[in-house]
Amino acid sequence: MSTQTRAAAITGWGKCLPPAVLSNADIATVLDTSDEWITTRTGIRERRISHVGLGELMYVASARALACAGMDGKQLELIVAGTTSYDDQVPNVASGIQRRVGADGCAAMDVNTACTSFLYSLSTATALIKTGVVKNALVIGAEVISPFIDWSDRNTAVLFGDGAAAVVLEATDREEGLLAERLGCYGESREILRVHGMGAAYAHQDRIIGKTEWQFEGQEIFKKAVQGMASACGEALAKVGKTAHDIDLVIPHQANLRIIEAVAKKTGVPMERVYVNVQRYGNMSAATVPVALCEALEEGRVNPGALLLMPSFGGGLTFTGHVVRWGNRITPIRSSDVELPPGEESALAIVQRYRAVHSRRVVTRA
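Predicted, not measured: the structure shown is a model, and the values here were computed from it.

Calculation rules
Residues numbered from 1 in each chain as written. Predicted model: local features only at pLDDT ≥ 70, side-chain atom pairs only at ≥ 80, totals over all residues. Heavy atoms only, no water. Helix = DSSP H or I, 4+ residues; strand = E, 2+ residues; numbered from the N terminus. Polar contact = N/O pair within 3.5 Å; in protein donor to acceptor, adjacent residues only side chain to side chain. Contact = heavy atoms within 4.5 Å. Core = buried A, V, L, I, M, F, W, Y, C linked by side-chain atoms within 4.5 Å. Buried < 20%, exposed > 50% of the residue type's maximum accessible area, 1.4 Å probe, protein only. Axes fitted to C-alpha atoms, helices over the stretch in contact; angles between N-to-C directions. Parallel < 35°, antiparallel > 145°, perpendicular 65-115°, else oblique. Left-handed = near helix turned anticlockwise from the far one by under 90°. Nonpolar A, V, L, I, M, F, W, Y, C, P; charged D, E, K, R; others polar. Arc of directions from axis to C-beta. Phe/Tyr/Trp six-rings, centres within 6.5 Å; stacked < 30°, edge-to-face > 60°. Lys NZ or Arg CZ within 6 Å of the ring centre and 35° of its normal.

**Student:** I'd like a rundown of the side chain of lysine 15, residues and numbers included.
**Tutor:** With respect to the secondary-structure elements, lysine 15 resides in strand S1 (residues 7-16). At 3.2 Å, the side chain of lysine 15 and the side chain of glutamate 298 are in polar contact. For lysine 15, the residues in contact, after removing those within four places along its chain, are Ala61, Arg64, Ala164, Ala165, Tyr281, Cys294, Glu295 and Glu298.

See the structure below:
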């Protein structure tokens with residue numbers, strides 16, 4: 001296959017959502033808030049809280065994506081894991097997935113651009129396939145962000161949830177997969193979304209790693225997010241000679257319903273052609289777009305040959321706009337019997353445990 005005509009088709013997809021559901025009513029028992037306060041500001045009604053670590057969610061999602069593609073792990077040549085909530089920074093989480101899916105010797109890397117990590121990873125893997133470095137790849141977007149939340153801060157605690165999803169890419173000479181993208185970052189605005197307490201700045205000093213304080217300037221984030229995603233979508237569409245009228249479905253980052261609606265309006269796509277599941281899961285950061293893609297497929301919202309638009313934004317302040325051409329297959333080749341281990345705690349019990357530990361720690365900003 002000529003590298004000049006090579007593309008990277010999405011041939012497999014799979015998701016993994018922790019079973020424990022944290023409703024707005026649950027949060028209202030530990031914070032001064034209400035279902036109405038949260039829903040009217042964000043569109044979020046509930047989110048998932050994981051009883052297992054990030055690697056476990058990634059593994060289940062990956063096994064399901066591989067089964068969907070009809071592929072064995074030993075056939076993989078690359079794994080790219082997009083996340084910002086590592087179990088460990090060293091070794092990388094992708095190497096753990098390599099071991100668990102049986103992809104011995106394949107390349108494995110992590111990508112951290114916060115909520116845009118999955119789409120940046122999709123760009124990375126696609127580029128390596130198009131240039132002939134590898135013939136296929138597993139791309140993951142996943143977060144277990146609940147342990148890092150400041151559960152005393154109602155402005156941020158209500159927003160986030162845990163989850164994972166993955167896709168399999170395979171080289172093809174058909175015009176499929178990622179057709180064009182615009183990757184960007186408002187580096188001058190990086191301080192408007194910052195988590196103090198994560199990173200080397202808090203190690204071996206009078207600071208506690210894991211005790212977090214969120215710097216979250218909501219109005220500024222809203223403006224930058226809408227501006228960045230809308231402009232990125234326009235630029236990506238222009239690269240392939242398309243407009244908003246050509247888009248069959250928008251699958252955006254699910255951070256806030258108001259942001260999704262504003263981006264749709266600015267991009268010129270009616271909301272009936274926008275997939276929304278933020279009400280069920282909240283902001284799962286890097287997992288939002290791939291989980292939404294899986295659910296759009298399950299619900300029959302993605303047809304063979306569909307043109308998809310995937311905008312996203314995240315801390316940094318990174319932003320993206322991806323144009324994806326879907327292939328002919330919209331159902332899995334086979335299913336996987338891999339499941340999460342059972343969890344005994346409710347979501348609220350897990351959060352109360354995090355709150356108890358969090359209250360005993362003090363964080364000093366770097």
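**Student:** Pulling in residues and values, what's your account of the environment of glycine 96?
**Tutor:** Mapped onto the secondary structure, glycine 96 falls in helix H4 (residues 93-101). Expressed as a C-alpha distance, the spacing of glycine 96 and alanine 114, which sit 18 residues apart in the sequence, is 20 Å.

**Student:** Residue-level account of the nonpolar core, with values.
**Tutor:** Val167, Leu169, Ile251, Leu308 and Trp326 are the most contacted members of the largest nonpolar core, which totals 40 residues. For this core, the secondary-structure elements that each account for two or more residues are S1, strand S4 (78-82), helix H5 (117-130), strand S6 (136-143), strand S7 (163-172), helix H10 (288-298) and strand S12 (307-314). Ranked by residue count, the leading element in this core is H10, at 7 residues. Counting 31 residues, the second-largest nonpolar core is a separate cluster that includes Val52, Ala69, Ala103 and Leu340.

**Student:** Can you explain the packing of helix H3 (residues 54-69) against H4? Please cite residues and give values.
**Tutor:** For the pair H3 and H4, interaxial distance at closest approach is 10 Å and the crossing angle is 50°. It follows from the interaxial angle that H3 and H4 lie oblique. For H3 against H4, the interelement crossing comes out right-handed. Taken together, the residues of H4 that come into contact with H3 (itself represented by Leu54, Gly55, Glu56, Met58, Tyr59, Ser62 and Leu66) are Val93, Ile97, Arg100 and Val101. Taken together, the residues that form the contact of H3 with H4 break down as 7 nonpolar, 2 polar and 2 charged.

**Student:** If you had to explain the side chain of serine 117 to someone new, which residues and values would you point to?
**Tutor:** By the element assignment, serine 117 lies in helix H5. Looking at serine 117, its side chain comes within polar contact range of the main-chain oxygen of alanine 114, at 2.6 Å. Those residues in contact with serine 117, other than ones at most four positions away along the chain, are Gly82, Thr83, Val111, Asn112 and Ala286.

**Student:** I'd love a proper account of H4, names of residues and values included.
**Tutor:** Turning to H4, its buried residues are Val93, Ala94, Ile97, Gln98 and Val101. Each buried residue of H4 lies within a common arc of 150° when the element is viewed along its axis, so the set occupies one face. Packing partners of the buried residues in H4 comprise H3, S4, strand S5 (107-111) and S6. At the C-terminal side of H4, glycine 102 shows a positive phi close to 75°.

**Student:** Could you give an account of the packing of aromatic side chains, naming the residues involved and the relevant values?
**Tutor:** One pass over the full model with this rule turns up 3 aromatic pairs. For the pair phenylalanine 160 and tryptophan 214, a centre-to-centre distance of 5.0 Å together with 40° between the ring planes defines the contact as tilted. Remark: tryptophan 214 occurs in strand S10 (residues 213-216) and phenylalanine 160 occurs in the loop between helix H6 (154-157) and S7; sequence separation between them is 54 residues. Taking 4.7 Å as the distance between ring centres and 35° as the angle between the ring planes, the aromatic pair formed by tyrosine 186 and phenylalanine 319 counts as tilted. In this pair, tyrosine 186 sits in the loop between strand S8 (177-185) and strand S9 (193-196) while phenylalanine 319 sits in strand S13 (residues 318-325), placing the two residues 133 residues apart along the sequence. With respect to burial, tyrosine 186 and phenylalanine 319 carry one shared label: buried. Above the plane of the ring of tyrosine 59 lies arginine 100, whose end atom (NZ or CZ) is 4.0 Å from the centre. The aromatic ring of tyrosine 186 is capped on one face by lysine 224, whose charged end is 4.5 Å from the ring centroid.

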